[in-house]
Structures are given as C-alpha cells and as structure tokens.
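# Structural characterization, general
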Amino acid sequence: MNPPTVRLRDVVEADLAHFFDHQRDPVANQMAAFTAKDPANRAAFLAHWRKVLASPGVTVQTILRGDEVAGYVLYHDWFGDPEVSYWLERRVWGQGVATVALMAFVAQTAVRPLYARAVHDNIGSLRVLEKCGFVRVGTDHAFAQARGRQVEEIILRLD
Ligand SMILES: CC(C)(COP(=O)(O)OP(=O)(O)OC[C@H]1O[C@@H](n2cnc3c(N)ncnc32)[C@H](O)[C@@H]1OP(=O)(O)O)[C@@H](O)C(=O)NCCC(=O)NCCS
C-alpha cells in the first residue's frame, strides 16, 4: 500500500471545529483514556485551545490527509518534560497517517530528548511512537477521565 499523502501546517481557526468533532468521539476517548473532563463541552474546548495556541512553549500543527483535516500533533512541556501528543479522527485510522505525521513532526522539532505517554492498552499509539523511534523508559499511574479510574501509562523517550 502506498503511504498516505500527509502534510503538516499551522493551525487555522477553521480547524478547531474539526478538532472538537474528533474530541467528542467516544471510541477515541476510551482509547486515549487521558481526555477532557467533558469532551462535549464546547466552551471548555475553546478555552483550552485558545490557551494552547497562545502558549509560547507549545508547537501545534494540523495534520492534513489530502486536503482534509485529519487531526493534530502537539509539542508541550506542561508537566516538566518536553512531550508530544496527537489525535486523529477515526475515519483515517489504520492508514499510517499518525506514523507519517509524527515522523515529520519530530524531524522538524530540535528538542531532545522528547517524551510521550500512552495508556498501557493504547496499542495503536504505542506502535506509532515505536515506529518513530521512541523507546519505553518507564511507567506511571494516573487518573484517566475517560475510564473514571487510575490506569497505567507507558512513558517513552526519543533521544
Ligand atoms: C492512536 C492513533 C493516533 C493511531 O493513529 P493511526 O493513524 O491509526 O496509526 P497508524 O495507521 O500510523 O498505525 C501505526 C501502527 O499501529 C497499528 N495500530 C493502529 N491502531 C491500532 C489499534 N487500535 N490496535 C492495534 N494496532 C493498531 C497499525 O496497525 C500500525 O502498525 P503496523 O505498521 O505494524 O501495521 C489514533 O487511533 C488516534 O488518534 N486515537 C485517538 C486519540 C489517541 O489515542 N491519541 C494518542 C494518545 S497517547
């Protein structure tokens, strides 16, 4: 299978409506586990994204598959370590989009080491990270909104 046509670009206002739709997907919420308290709360979503986009320590890019907004990939250091995160809409899952997008994103990000975290059973996300060169360096436990309980998360690092 040919790799999908994936591009990254800066986030524009119109992307937010897509990200909000993606955030409300219950299957994606279960999978990601660490999610917004109320994914359907548009005001909270917009307040969060306004903060993200205005934050000097954050780099966020929109992932395009062809001409369509497929999701975003993000770099932040909100919890101390520089960390990447991403979210794609379900329609494009399983086509290699996250892998291509994260590879491009880490290639244009000079910071090393870079960290990432995924709940232990988010097999797709762990696979994406490992295909991009991240290695498992530890575990942690934290409360996951979408699961309503503490879960184990895997910590990965890219040197
Ligand atoms: C996790 C996520 C980013 C994966 O995106 P994707 O575009 O489907 O990933 P890719 O197509 O690049 O897949 C990469 C690898 O993971 C595997 N994979 C993807 N989803 C999988 C799943 N649900 N179960 C098992 N393997 C999976 C693919 O088969 C592929 O492996 P391969 O190359 O060995 O065949 C996407 O499902 C998503 O955004 N989920 C909701 C939000 C989320 O979980 N974000 C990450 C938080 S840590």
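This write-up is about the structure you can find in this document. Here the residue numbers are simple positions, counted from 1 along each chain's written sequence. At least 70 in pLDDT is required for a residue's local features to be given in this predicted model, at least 80 for side-chain atom pairs to be given and counted, and no such filter applies to totals for whole chains, interfaces and linings, which use all residues. Just so you know, side-chain values use all the structure's heavy atoms and leave hydrogens and water out.

## Re the site of the ligand
The rule for a residue being near a molecule or strand is that one of its heavy atoms must lie within 4 Å of it. Not every one of the 22 residues close to the ligand is listed here, only the nearest: Gly94, Gly96, Thr99, Arg127 and Lys131. Within 3.5 Å is the distance limit for a polar contact, defined as a pair of N or O atoms, with the added protein rule that one can donate a hydrogen and the other accept it, and that residues adjacent in sequence qualify only through two side-chain atoms. Leucine 88 places a main-chain nitrogen or oxygen 2.8 Å from an oxygen atom of the ligand. In the environment of the ligand, an oxygen atom lies 3.3 Å from a nitrogen or oxygen atom belonging to the side chain of tryptophan 93. Computed with the Shrake-Rupley method and a 1.4 Å probe, the accessible areas treat only the protein chains shown as cover for residues. If the ligand stood free it would expose 920 Å²; the protein chains cover 75% of that surface. Numbered from the N terminus, helices here are DSSP runs of H or I no shorter than four residues, and strands are runs of E no shorter than two. Among the elements of the structure, helix H2 (26-32), strand S4 (83-88), helix H4 (97-107), strand S5 (114-119) and helix H5 (123-131) are those that each provide at least two residues to the shell around the ligand. With six residues, the single largest contributor to the shell around the ligand is H5.

## With respect to the pairing of S5
A regular strand places its side chains on the two faces of the sheet in alternate fashion. Accessible area is worked out with a 1.4 Å probe on protein chains only. A residue is then buried under 20% of its type maximum, exposed over 50%, and partly exposed in between. Within S5, five of the six residues are buried, leaving the element largely enclosed by the surrounding structure. For S5 and strand S7 (residues 149-158), the ladder comprises six bridges, and the chain directions are antiparallel. Across the sheet, residue valine 119 finds its bridge partner in S7, namely glutamate 153. Pairing between strands requires that DSSP locate at least two bridges from one strand to the other.

## Focus: the pattern of salt bridges
Here, a salt bridge means any side-chain nitrogen of Lys or Arg that lies within 4 Å of a carboxyl oxygen of Asp or Glu. Under the criterion given, the structure shown has twelve salt bridges. The partner of glutamate 68 in a salt bridge is arginine 91, and the shortest N-O contact between them spans 2.9 Å. Residue glutamate 68 is located in strand S3 (residues 68-76), and its partner arginine 91 is located in the loop between S4 and H4; the two are separated by 23 residues in the primary sequence. Its relative accessible area of 58% is what places arginine 91 among the exposed residues.

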